[in-house]
Amino acid sequence: MTDLTHLQQQFPEGEVIELKKDTLVCHIHKKIAYIHWLIAGRVSFFVALNENDPEIEVCDFEGALLPIGWNGMDTPSRHTKNISVASEKASFFRVAISGHSAFLNTIKDVALHRHVCRTQFSLLQRALLHQKRVLPQHQFTEPAPRNSTYDAIAQHTTAIMELLRRSPFFEFFDDQELLLLAGQAIRREYSPTNIVLAQDEFSDGIYILIEGYIKVYRADGSQILTQWPIATQGFIFGWPHIIQEREICTAQAVRQSSVYFIPETSFQALFKTNQKFSLRFFKRLNWLIDNHINAAFIRYLSFYFNANQLTIQYLIENYQTQIKISSKLHQIPHLLNHRSTKQLAFNILEQLNESGTSRERRIASICMDLLVKDREEAAYLRQLQHIYETVVDADPQTEAAAIRKACSDAVRKLCAFFSYQIEGWELLPAKPGHIFIYNHLINHPYYTLPNNFQITLESHFISAMILDAKYGDPGIRTVRIGRSKEFAHQDYYEKLGYISVFTKESDVTDSAKRQLARSQFFESAKAHLRAGQNIIVSPEGTSYRTEDSIPGAFKPGAFQLALETDPEPMIVPIIMLHFDKRIHEAKKYCRILPPFRVSEHALFKKEESLQSFVDQYRLAFKQQVDEAKQLLGIKMPSTLYHTKTSNIYGK
């Protein structure tokens, strides 16, 4: 057991000191001159994204002889955290050190190294509990039972040795030690949803990821707090049992995952017979726990500021004295600053995670976990580009109907990137040949393609996820005639064979041409409806945000079209919310309202103008929108936010 007496025997030159509240015990990047063992009182850990920013407390800790400065003694022997006294006073056992990198090698007391690991583990627990203040909470569901199968395939010693050498943890050991471990390794396979390790239970050994993806979460009552995933080859978990501690979190397979398992009893047997291995193991385990602590602090920052790129900049600056000046990690913050270079940053991180130094791999792994949403968004942007190219690059001889179908298939893949909810599916008419209207939302500017073209998400969603899914055809949309300089707009919509109309956004032209286009719109739309095709129209003259008082004023075109078509088609209203948000900001919401024929609607009166009906119906539609927004908890301002002009008949 390690106590103050034990420390005084180990370090007879040490002294007991007392420090007052707010005294800085250590400062990040400063050279280490002392190890401070916390005897009594409480300390706080602080970080700041930038030098002039206010510091954020990411954790606190008291008692248990926590060593402060111990984990920074490897070259370049600098502190890795800001730590100050949080209680009115705190006492420490202070040990002056020299020959920093050699200091750890002079300590042959395995019990002391175990103690450091256990106190660091306690600090890690405190750090995870502290995250509860900022981590998003998800509803807890009962996990699947623990289950695994054993596979004799690929259990050859050479294969296991290769993985151990690549592991950031085990690369510290020599081949003789690794050979002893490889002889004890067993391969285990886990199916999706299988529990590998359970929170608050003792592990039966150490697990080393071969391949797969394992999520890690901590249950707190009826809520769960998601932690770092396990996705890096060679990553180890299940180690707390080695220091007689229970698991902090549950580890659950997300997809088919393979691991090598080394029983805890095998390690204990090695500890008894090989002191050299014991010393190496606990020194390395302390390194691993400290990495987990730093990751927990970084995670706290990430959620506190909701700014992953700034957090990554802090992370890399935090380690700048410990990575080579030539390391490509230094490029990451700069590459992340612009959307067009983000993919280069992702490529570098993947490369470093695969073949960098152990420290580069660890930092790259943390960065990749922080950038999960950014990487998904980059893939989303690539799919948007693929949609555009599917249409524009189609063979000129391909019929527009086939291009619309190919576009719909590509949009369906796009929708897999975000969560959405469709209500009222059962209200859809059994057969096609109707007019679908919807409230028009702006496109988020982040999703503008490099050629300055925006693919309207909500109308594409209706085409692919409703009309094509229900009727086997994505329908026909009305779009504005693009300006002469809008080459991308022209190339895209001309290939799709949509119905074009003049709007205020089109080039200025004479009234005769506009009247001709209007007449052609009605004739073309009627022909499509009589042929049993659906028409998609936005009756607003402007696009809005979800939070605005929507919908805006309705134009009568869609309703007039319905009245002039024989047989009269139904109007199918659709509410669209959150389609103006980025894919991780909010769940997309779509509600199909009861269809109706204009001539049969209670608000329609033949003796009154059609515009009068349209205005009254717009208010009824707005009431439905407001009810949907209230259910979703969306705040509604009293004024509209005008962003751009759409067309008379829809876009």
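Going by the structure above, here's the rest.
This section reports on the structure supplied with the text. (Residues numbered from 1 in each chain as written. Predicted model: local features only at pLDDT ≥ 70, side-chain atom pairs only at ≥ 80, totals over all residues. Heavy atoms only, no water.)

### Some points on the pattern of salt bridges
At step 1: Scanning the entire structure with this criterion turns up 25 salt bridges.
At step 2: Measuring nitrogen to oxygen at the nearest pair gives 3.2 Å for the salt bridge that ties Asp175 to Arg165. Within this pair, whereas Asp175 is found in helix α5 (residues 175–182), its partner Arg165 is found in helix α4 (residues 157–166), the two being separated by 10 residues in sequence.
At step 3: Under the relative-accessibility criterion, Asp175 is labelled partly exposed at 41%.
At step 4: Its relative accessible area of 41% is what places Arg165 among the partly exposed residues.
At step 5: Across the salt bridge formed by Glu547 and Lys581, the nearest N and O atoms sit 2.6 Å from each other. Of this pair, Glu547 sits in the loop between β24 (542–543) and α17 (557–564) while Lys581 is found in the loop between β25 (571–577) and β26 (588–592), placing the two residues 34 residues apart along the sequence.
At step 6: In this structure Lys581 comes out as buried when scored by relative accessible area, which is 15%. (Salt bridge = Lys/Arg side-chain N within 4 Å of Asp/Glu carboxyl O. Helix = DSSP H or I, 4+ residues; strand = E, 2+ residues; numbered from the N terminus. Buried < 20%, exposed > 50% of the residue type's maximum accessible area, 1.4 Å probe, protein only.)

### Some details on the sheet that holds strand β2 (residues 24–26)
At step 1: Spatial strand order, β2-β7-β4-β5: four strands in an open sheet with antiparallel pairing. Each edge of the open sheet carries a strand with a single partner, namely β2 and β5 (56–62). In this sheet, adjacent strand axes meet at a mean angle of 30° when their direction is disregarded.
At step 2: Here β2 runs beside strand β7 (residues 82–85); their pairing, made up of two bridges, is antiparallel. Of the residues in β7, the one forming a bridge with Cys26 is Ile83.
At step 3: Against the sheet, helix α3 (residues 110–131) makes contact with β4 (42–47) and β5, and its axis sits at roughly 135° relative to β5, the strand it touches most. (Pairing = 2+ DSSP bridges. Axes fitted to C-alpha atoms, helices over the stretch in contact; angles between N-to-C directions. Contact = heavy atoms within 4.5 Å.)

### A look at the packing of α4 against α5
At step 1: Relative to each other, α4 and α5 sit at 125°, their axes nearing to 9 Å. Between α4 and α5, the crossing angle belongs to the class labelled oblique. Considering how the two elements wind past one another, α4 and α5 form a crossing that is right-handed. Residues Thr157, Ile160, Met161, Leu164 and Arg165 of α4 form the contact with α5, whose participating residues are Asp175, Leu178, Leu179, Leu181 and Ala182.
At step 2: Of the residues that constitute the contact of α4 with α5, the class distribution is seven nonpolar, one polar and two charged. (Parallel < 35°, antiparallel > 145°, perpendicular 65-115°, else oblique. Left-handed = near helix turned anticlockwise from the far one by under 90°. Nonpolar A, V, L, I, M, F, W, Y, C, P; charged D, E, K, R; others polar.)

### Remarks on the packing of helix α7 (residues 275–305) against helix α8 (residues 308–318)
At step 1: It is at 8 Å that the axes of α7 and α8 come closest, and there the two elements cross at 150°. Regarding the angle of α7 to α8, the classification is roughly antiparallel. Note on packing geometry: the crossing formed by α7 with α8 is right-handed. For the pair α7 and α8, the contacting residues are Ile298, Leu301 and Ser302 in the first and Asn308, Thr311, Tyr314 and Leu315 in the second.

### What to know about the sheet that holds strand β1 (residues 15–20)
At step 1: Overall, antiparallel pairing links the four strands, which are arranged β1-β8-β3-β6 in an open sheet. At either margin of the open sheet sits one strand with a lone partner, and together these are β1 and β6 (67–68).
At step 2: Sheet analysis places β1 next to strand β8 (residues 89–96), joined by six bridges and oriented antiparallel. The residue of β8 that forms the bridge with Glu18 is Ser91.

### Topic: the layout of surface pockets
At step 1: One number sums up the size of the second largest pocket: a volume of about 670 Å³.
At step 2: What lines the second largest pocket is a set of 37 residues, and nearest its centre among them are Val216, Trp228, Pro229, Ile230 and Phe235.
At step 3: Of all elements in the fold, only α3, β16 (236–237), β17 (250–253), α7, α10 (342–355), α11 (358–370) and α12 (372–392) reach the threshold of two or more residues within the lining of the second largest pocket.
At step 4: Looking at the lining of the second largest pocket residue by residue, the classes come out as 21 nonpolar, nine polar and seven charged. (1 Å grid on protein atoms, 1.4 Å probe; cavity = no way out; pocket = protein on both sides within 12 Å on 5 of 7 lines; lining within 4 Å. Points joined across faces, edges and corners; volume = space filled by probe spheres on them.)

### Quick notes on the packing of aromatic side chains
At step 1: Enumeration according to the criterion identifies 41 aromatic pairs in this entry.
At step 2: Residue placement shows Arg284 over the ring face of Trp287; its charged tip is 3.7 Å from the ring centre.
At step 3: Sitting over the ring of Phe418, Lys588 keeps its end group 5.5 Å from the ring centre. (Phe/Tyr/Trp six-rings, centres within 6.5 Å; stacked < 30°, edge-to-face > 60°. Lys NZ or Arg CZ within 6 Å of the ring centre and 35° of its normal.)

### Points about the side chain of Arg218
At step 1: Positionally, Arg218 belongs in strand β14 (residues 214–220).
At step 2: No salt bridge forms around the buried Arg218; measuring N to O, its nearest opposite-charge neighbour Asp200 is 4.6 Å away.
At step 3: Only 2.6 Å separates the side chain of Arg218 from the backbone oxygen of Ile248, close enough to count as a polar contact. (Lys, Arg positive; Asp, Glu negative; His and termini not counted. Polar contact = N/O pair within 3.5 Å; in protein donor to acceptor, adjacent residues only side chain to side chain.)

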